[in-house]
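Listed here are the chains, written in short residue letters.
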Amino acid sequence: MELRKENRVLKFFFITVSFVFLGVFLILPLIYIVVTALRDGIMGYLTAVSDEYAIKAALLTVQATIWAVIVNTIFGIAAAWLITKYAFKGKKVLSTFIDLPVTVSPIIAGLIYVLTFGRQSDLYPILDSYGIQIIFAVPGIVLATIFVTFPFISRELIPVLTSQGTDEEEAAALMGAKTFTIFRKITFPHIKWALLYGVVLCTARAMGEFGAVSVLSGHLRGKTNTLPLYIELLYQGYDFTGAFAASSILVVLAIVVLILRLVIEKRGQKELDLNK
Amino acid sequence: MGYVELRDINKHFKKFHASKDINISIEKGKLVALLGPSGSGKTTILRMIAGLENPDSGEILIDGKVVNNTPGSERGIGFVFQNYALFRYMNVYDNIAFGLRVKKIPEDKIKARVTELLTLIDCQGLEKRFPSQLSGGQRQRVAFARALAPNPQILLLDEPFAAIDAKVRSELRTWLREMITKLQITSIFVTHDQDEAIEVADEIIVTNQGKVEQAGTPQELYKNPATPFVAQFIGNSVEVKNYEQFKHFDKQSDDSIAYLRPEFVSIFKKGESVQFASSAEEAIVEDTIFRGSNIEVRARIHGNLISAIRSINDAEIKVGEKVDVFIYRLYVVSGNEVILETNSSLKDEEVVI
Amino acid sequence: MNRHKSVIPGFGISMGITITILSIVVLIPLCSLVVFSAKLSFSEFVYTVTRPRILSGYFVSISTAFIASLVNVVMGIILAWILVRYDFKGKRFIDGIIELPFALPTAVAGISLTHLTTTNGWVGQIFYKLFGIQIAYTRIGITVALIFIGIPFVVRSVQPVLEKIDIQYEEAAFILGADAKTTFTKVIFPEILPAIISGFTLAFARCIGEYGSVVFIAGNTPYETEIAPLLIMSELQEYDYSAATSIALVMLGISIVILSINAIVQASVSKRVNGKI
């Protein structure tokens, strides 16, 4: 009984502290963005978000995000399959390299690409002769976005595939099934929720990337400005309504991501319990 | 020549020597058990036959052909995994049909074959169930049907009863034995349970520390253990170091030890036995265990706690009671040799008669 | 060679895809960093990274990241605790919102936190009028932004461990006569400590490299509120790649040290729990 009573006071205290902490650090900024975005009225908001450059920036963000999701999905599936289904030398090194991008500062990520593809690089003249420009152009932005979200999908898939083991695939292989049949019929059903989850996380991070993209973008309005960069531009030009209006789009997307995350997690968990 | 043969097989997992100079020959149509303690390399042998692992050296032959470089899927084998490895996202029908669909067999033929197998395993009506909705026994039978579907020549089973609770297990043993006998399919299964091996298999291959210790029928292993390991592994053996202190047994060599099985020992109440009155020894009962159909009596003699089985119809023996013990025979292990030693009073009697 | 090791087909194709993409995205760029670094003269490197302005940049980054991560350790434990052990209204909401820093673009968080904490912002004015404390454009502001960024790390690493601790341990401790405090410090805390350390180091490493949310709130006054990533950025804008690379190498070194410490801690813990490896 005594234990219970003590718990109730603590419980109230902890929950209050948590609500205040998250309220100030997470909720208040969201409210502030919405309020500021709307402070010039709904018309002001609509003008700001339908600005030609805002739309172009949004489209570039979408483009970079789609690329990141496609490349990282292909990579994530191949890498997770490779790491969990086979024994080979150098597996640990491979895993380390896959996880490396998220531990590196985004600015350093940008710097690495500048060193690789910039004017001083040995690759530059080769690429230039084919008319390919990477730095301060869209390809650079896409590469930077892929880099900062690189392990997001493989990291979701690996634990699921590890706990599933290799028995089912071995059984199918012994019956003569080929790679894609095994993947499609046996492996994929196990990972579909984890994959979707990874795609959602990858999307969230990709559309919001700022540092790495900032290094690689030429900051050309309408050409190489992504939405976060466009927001920075407006903010530095003291167009706060515009900056927060553009931000509100990303806020809405972030909230959608969070809700999707919860839904997917719940569905995936349910299916997992069913198959235990 | 055997239908399945392993010749001088060696296999390492990194530094672990999992298979050491394995030589095995299995006849067509036989039901063979690979028996050994965990880590003895029995599963590795099974997986190499299946093509799930490749030996470092040596040859694997099936039906006279070397199959080392033949993929597992073309060796004509069916494999039942320890945890069955049923495809969790496919229903029973699709699980059994999988191997046939991979071979691009027309759907109507598949249907006929699956129906036939469902009848064989007595699981009609479960086609639409998913593995998670089946009982342990049903899962095993579905796994069995799935392995049989493409008509393999050899059936390999990895610890087929390990994941099933005790009561269903003995039913399934009988069922599996009947099934395999009926189908006349060469079968090899892995087990660490000697009762299981003895009950189910025609022939047992005993493995220990990566080596094959002995191969033979259950009776042969029981009567003539070829190696010290088999002598102590088969049966509920009790190790006896000072066996020469027992009446009518002589020390064979200085470092020899003996193994004593309950069936080699008789325990009598004082005065109960006339026949062995002179050659029996006295022991004190430390424990009696009711086993349902019989009673195990444990008594201490010359410092060794030995077991014997008594019928429940015999007179009751109490803990602490002084009893007469007669030992018929024991296995003496001296170096790498195993000798079956018989109580010399019995030999004398034979001479007398 | 390896191809024969597994019956599961597809080793070649998955290895091919993995290595190709990994090379383009990570390995080749990393190599060019190594190649470029090798060309740097050592004395120039030392000169660059020991300039007072750069040293102060490292100090600002490390100290604010450290304090922010400590705050997140405390709040992370509390949040994980209430999410695992208590039932209350809004629990699912809290569970979901904790991931916001992962989902919300850092720049958006940055400008919003800045506006909130300036001397006439919603929160900033309270602190300014009551205590005379400025938040935005000071190191406190940087710490605030880093707290925001680091919130999910400790919670998400402690939460699953706490979920796995069987309530029976606590009941056992309770029956043996331990009070709630002893039970927590002696039974629960040692169990979650590795997760706390792992969450802390991940948050710390992330915060040291953080750029987007910090640049707006920092004010970027040399020697005061200039963070190391910003220094790399300004060298890049002046096309001084040598200086940028030098600063970056030191930062990479710091990250490697932090993450290695965590790896060593986790390895020794798993050794203790699981016996030999």
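Residues numbered from 1 in each chain as written. Chains lettered and ligands numbered in written order. Predicted model: local features only at pLDDT ≥ 70, side-chain atom pairs only at ≥ 80, totals over all residues.

Peer 1: Any chance you could break down the sheet that holds strand β19 (residues 337-342) of chain B for me, citing the residues and the numbers?
Peer 2: Residues and elements named next belong to chain B. Taken in spatial order, the four strands line up as β11-β12-β18-β19 in an open sheet, and their pairing is antiparallel. The open sheet is flanked by β11 (238-240) and β19, the only strands paired with a single partner. The sheet shows a mean angle of 30° between the axes of neighbouring strands, direction not considered. (Pairing = 2+ DSSP bridges. Helix = DSSP H or I, 4+ residues; strand = E, 2+ residues; numbered from the N terminus. Axes fitted to C-alpha atoms, helices over the stretch in contact; angles between N-to-C directions.)

Peer 1: Pulling in residues and values, what's your account of the domain arrangement of chain A?
Peer 2: Residues and elements named next belong to chain A. Domain boundaries in chain A define domain 1 (1-37) and domain 2 (51-274). For domain 1 versus domain 2, the distance between C-alpha centres works out to 33 Å. Taken together, the five residues of domain 1 in the interface contact seven residues of domain 2. Grouping the constituent residues of the side of domain 1 that touches domain 2 by class yields four nonpolar, one polar and no charged. (Domains from an automatic or database assignment. Contact = placed C-beta atoms within 7 Å. Nonpolar A, V, L, I, M, F, W, Y, C, P; charged D, E, K, R; others polar.)

Peer 1: Tell me about helix α4 (residues 136-148) of chain B, and name the residues and values.
Peer 2: Residue and element names in this part refer to chain B. Look at α4: 19 Å from first C-alpha to last across 13 residues, which is about the 18 Å you get at 1.5 Å a residue. When you tally the buried positions in α4, you get 10 out of 13 residues, the bulk of the element. Structurally, α4 contributes buried residues whose contacts are with β6 (77-80), α2 (92-102), α3 (107-120), β7 (154-158) and α5 (166-183). (Expected span 1.5 Å × (residues − 1). Buried ≥ 20, exposed ≤ 12 C-beta atoms within 10 Å, placed from the backbone.)

Peer 1: Let's hear about the sheet that holds strand β14 (residues 281-290) of chain B: which residues, and what values?
Peer 2: Residues and elements named next belong to chain B. Across the sheet, five strands lie side by side as β13-β17-β14-β15-β16; this open sheet has antiparallel pairing. On the outer flanks of this sheet lie β13 (265-269) and β16 (304-311), each paired with one strand and no other. Within the sheet, the average angular offset between the axes of one strand and its neighbour, ignoring direction, is 45°. Where β14 and strand β15 (residues 294-301) come together, six bridges link them in antiparallel fashion. Each residue of the ladder has a partner; that of Asp287, found in β15, is Arg298.

Peer 1: Can you break down the environment of Ala85(B) residue by residue, with the values?
Peer 2: As for its position among the elements, Ala85(B) is in the loop between β6 and α2. Here Ala85(B) falls in the buried class, since 24 other C-beta atoms lie within 10 Å of it. Put simply, Ala85(B) and Pro131(B) are 46 residues apart on the chain and 9.6 Å apart in space, counted from C-alpha to C-alpha. Among all residues touching Ala85(B), those that are not within four sequence positions of it are Asp167(A), Glu168(A), Glu170(A) and Ala171(A).

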